[in-house]
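Per-entry structural report
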Amino acid sequence: MKVSKYLKDKKLSMIVFIACFFIMSGMFFAFRIPKQLIVATAAVYLIMGLCLVGINFCRKKKFYDGLVNNTSALDQKFLVLETLEKPNFYEGEILYENMYEINKSMVERIGDYRENIDDFKEYIEMWIHEVKIPISSLVLMCHNDKKDNDSISQEQTIAMKKMNEKYMKQIKRLDNYTDQVLYYMRSNCTENDYLIKETGLDKIVGSVLIKNKDDLLENNINIIVDTKACKVMTDAKWIEFILNQIINNSIKYKKSNTDSFIKIGTKEEADNVYLSVYDNGIGIPPKDIASVFKKSFTGENGRKGAKSTGMGLYIAKKLCVKLGHKIEVSSKENQWTQVTIIFGKNDYYKFEK
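Residues numbered from 1 in each chain as written. Predicted model: local features only at pLDDT ≥ 70, side-chain atom pairs only at ≥ 80, totals over all residues. Heavy atoms only, no water.

Some words on the layout of surface pockets
Put simply, the rule reads: Residues are said to line a cavity or pocket when one of their atoms sits within 4 Å of a point; the points come from a 1 Å grid over protein atoms alone, cavities being sets where a 1.4 Å probe fits but cannot get out and pockets being open sets with protein on both sides within 12 Å along at least five of seven lines. Grid points are joined across faces, edges and corners, and a volume is the space filled by probe spheres set on the points. The helix count covers DSSP runs of H or I at least four residues long, the strand count covers runs of E at least two residues long, and both are numbered beginning at the N terminus. Under this grouping Gly is polar, as are all residues other than the nonpolar Ala, Val, Leu, Ile, Met, Phe, Trp, Tyr, Cys and Pro and the charged Asp, Glu, Lys and Arg.
Empty space within the second largest pocket amounts to approximately 320 Å³. Along its surface, the second largest pocket is lined by 13 residues, and Met14, Phe17, Gly49, Leu50 and Val53 are the ones closest to its centre. For the lining of the second largest pocket, the element with the most residues is helix 3 (residues 35-73), which contributes six residues. Looking at the lining of the second largest pocket, its residues break down into nine nonpolar, three polar and one charged.

With respect to the pairing of strand 5 (residues 272-279)
Regular strands have side chains that alternate between both faces of the sheet. Convention followed: Residue exposure (1.4 Å probe, protein chains only): buried if accessible area is under 20% of the type maximum, exposed if over 50%, otherwise partly exposed. By definition, two strands form a pair when at least two bridges between them are found by DSSP.
Strand 5 sits mainly inside the fold: six of its eight residues count as buried. The pairing of strand 4 (residues 260-268) with strand 5 spans seven bridges and is antiparallel. Bridge pairing links isoleucine 262 to aspartate 279 in strand 5. Between the end of strand 4 and the start of strand 5, which pair antiparallel, lie three residues.

A word on the pattern of salt bridges
Threshold: Whenever a carboxyl oxygen of Asp or Glu lies within 4 Å of a side-chain nitrogen of Lys or Arg, that contact is scored as a salt bridge.
Applying the stated rule across the entire model yields six salt bridges. Residues aspartate 65 and lysine 61 are paired through a salt bridge, measuring 2.7 Å at the closest nitrogen-oxygen approach. With aspartate 65 and lysine 61 both in helix 3, this residue pair falls four residues apart, about one helical turn. Given the relative accessible area of 30%, lysine 61 is considered partly exposed. For glutamate 97, the salt bridge is made with lysine 86, and the minimal N-O distance between the two is 3.7 Å. Linking glutamate 97 in helix 4 (residues 90-147) with lysine 86 in the loop between helix 3 and helix 4, this pair joins segments that are 11 residues apart in sequence. Given the relative accessible area of 41%, glutamate 97 is considered partly exposed.

Examining the packing of helix 2 (residues 11-30) against helix 3
Cut-off, in case you're wondering: Where helices are involved, their axes are fitted lines through C-alpha atoms of the stretch in contact, as for all axes, and angles between N-to-C directions lie from 0 to 180°. Should an angle fall under 35 degrees it is taken as roughly parallel, and over 145 as roughly antiparallel, whereas 65 to 115 is taken as roughly perpendicular and any remaining angle as oblique. By convention, the crossing between two helices is left-handed when the near helix turns anticlockwise from the far helix through less than a right angle, and right-handed when the turn is clockwise. Contact criterion: two residues are considered in contact whenever any of their non-hydrogen atoms come within 4.5 Å of each other.
Where helix 2 contacts helix 3, the axes come no closer than 11 Å and their chain directions differ by 165 degrees. Judged by the angle between their axes, helix 2 and helix 3 are roughly antiparallel. Considering how the two elements wind past one another, helix 2 and helix 3 form a crossing that is right-handed. Packed against helix 2, whose contacting residues are Phe17, Cys20, Phe21, Met24, Phe28 and Phe29, the element helix 3 presents Ile38, Thr41, Ala42, Tyr45, Leu46 and Gly49 at the interface. Residue composition of the contact of helix 2 with helix 3, grouped by class: 10 nonpolar, two polar and no charged.

Here it is in C-alpha cells:
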C-alpha cells in the first residue's frame, strides 16, 4: 500500500479538511480572537488531522499489504483468508466477512464437484472391470475356435485362423484402450493404488514381451534384450503399463519393408538406473519431440496412418512423475527412436530391517 496512492484516494477528504481550516480561521479573525490562540488552534487542528491520516493509513497498510503479499506467495490463492488476521477497521471487516462467505461458498461447491467426480471415477473403474470380463471371454473363444478347427477342411481352417487373428488384434486394441482409461483415471490418485517395493526390471520386461508376443510376431519385429539384473524401487504394475505403451508405439510406428527390431536394455550408474527401449522405426520429426508427452498430441506420424489417441505417452509421463521417475525421448526421423525411463537411486522407499 503506497502513501502517494492512499493520499490521492483521500483527496476529497483532504480538500474538505483544508476548506474547514480556512473557514475556521476566517471566523476567528472575524470575531477578533487573539492571533496567538488562532495559531495554537490551527497547529493543533493540523497535527490532529495528520495524526488521524497517519493512524488510519498504518492500520489499513498492515492488512492490505498482508493480503497482497500472501496472495502472491500462495499457489492456491483462495486460501489467502486463512493467512490473515481479522482487521480492526470497518471497511476491512466488511471485506474480510464477504471474503469468508465467498470462500465458504466456493469450498462447498468444490466439495460437491469432487464428490461427483469421485462417484464418476468409481463408476468408470467398475465399468472397466466389468468390460474386461467379456474381453477375456472373447480371447478364450478365439483360442477355443483354433482348437475346434480339426473337423473342418484345410481351406476353412486357414480362413478361420485369419479371421481369429483379426478378431484377436481388435480385442487387444480394445483391451489396451480400456487399460489406458483405467490408468488415466487412477493417475490422479496413484498413492491409493501403488505399492513401492524392490523390483527386477528383467521380470517386468519379460512380462511385457509375453503380452505383446503375437503383435511382435505378426509384424516380424525382432526383439533384442540386454537387461542386466537391475533392481529398482518402484511399482511393478505401473511400470509394466508404461513399458507396454512404449512397446506398442514401437510396433505401431515401425518401418515397412525393412528388418524391424526393438532393443531393450538397462544401464546402472552410481545414482540412476536406466531402462531404454530403442527401435529402428520411422522416428519422430524434430518439431514434435518437445510435444510427445502432451495430452492428446498425435503429431505428424499420428496423422499419416497409424491410429493414435495421443494418450499413451501422456499417461506414461504422468505416472512416472507420480512415482518419482523420469522419462525421456530422443529420436532421428526415419531412423530410430529411443525412450528411456530413469530410476533414481535413494533411500526414500527403503525400510530398516
